[in-house]
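Inside the fold
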Amino acid sequence: MFAMQSIDMPNIDFEGIMRHLTETGKRTHQLWLTAESMAFIARGREYRSEFHVNPSYEIQYSIKGDLNLHYRTPEGVEKIAHVPEGSCLFQPPLVPHSPRFAPDAFQFVIERARVAGDIDRFFWYCLNCDHFLHEESYVVDDYRADPVTQAYRNFYQSEDFRTCKKCATVMPAPDSL
Ligand SMILES: [Fe+2]
């Protein structure tokens, strides 16, 4: 037998949270964070260009709209996994991935909670020649801090980070994040 300390069972209203994200312009809403897992709803980012590498699996469910999950193979080849609305993709840990979906599309994402020493990394590559451009790294212990937006701010605020050292192409920055 075990004694349950409390019963906390978030029951997620997808429609309500999608409406909240649309009305506030926010990109993510954390649903729960326990010692073992974290979950959030994400709204698409029109400027998404980076590849995220993290130590957790990711369960990515397309609640509304389709997802094109760009990812890079161990050989560095970029591929796309298509995840239509109503379907779900399981992505193993450490796959460089870039979830591309529209600002009016929504993903329900579940990940393992990070443990001490876990680092999330964000990589950018040149859109012209695919040469490595820049890396940002973060300890993602809570999605309420919106680490993706922070990484983008740092990247886009620096023209040097966005300039390819091989072919000199500059990745354009969006008007706003
Ligand atoms: Fe380049």
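Structure report, in brief.

How each quantity is defined
- Residues numbered from 1 in each chain as written.
- Predicted model: local features only at pLDDT ≥ 70, side-chain atom pairs only at ≥ 80, totals over all residues.
- Heavy atoms only, no water.
- Helix = DSSP H or I, 4+ residues; strand = E, 2+ residues; numbered from the N terminus.
- Rg over C-alpha atoms; globule rule 2.2 N^0.38 Å.
- Buried < 20%, exposed > 50% of the residue type's maximum accessible area, 1.4 Å probe, protein only.
- Contact = heavy atoms within 4.5 Å.
- Areas by Shrake-Rupley, 256 points an atom, 1.4 Å probe, with all protein chains shown as cover.
- Lys, Arg positive; Asp, Glu negative; His and termini not counted.
- Charge placed at Lys NZ, Arg CZ, Asp CG, Glu CD.

Now for the overall build of the protein chain. Helices and strands together make up the secondary structure of the protein chain, namely 3 helices and 11 strands. Along its sequence from the N terminus, the protein chain presents helices and strands in the succession α-β-β-β-β-β-β-β-β-β-β-β-α-α. Against the 2.2 N^0.38 benchmark of 16 Å for 177 residues, the protein chain shows a C-alpha radius of gyration of 17 Å, consistent with a compact globule. Dimensions along the principal axes, computed over C-alpha positions, put the protein chain at roughly 65 × 35 × 30 Å. Among the 177 residues that make up the protein chain, the fraction classed as buried is 46%. Partitioning the contacts of the protein chain with sequence separation of at least 6, the portion at a separation of at least 24 is 63%. A total accessible area of about 9,800 Å² is found for the protein chain, and carbon and sulfur atoms account for 53% of it. On the protein chain, the mean spot of the 18 positive side-chain charges and the mean spot of the 25 negative ones are 3 Å from each other.

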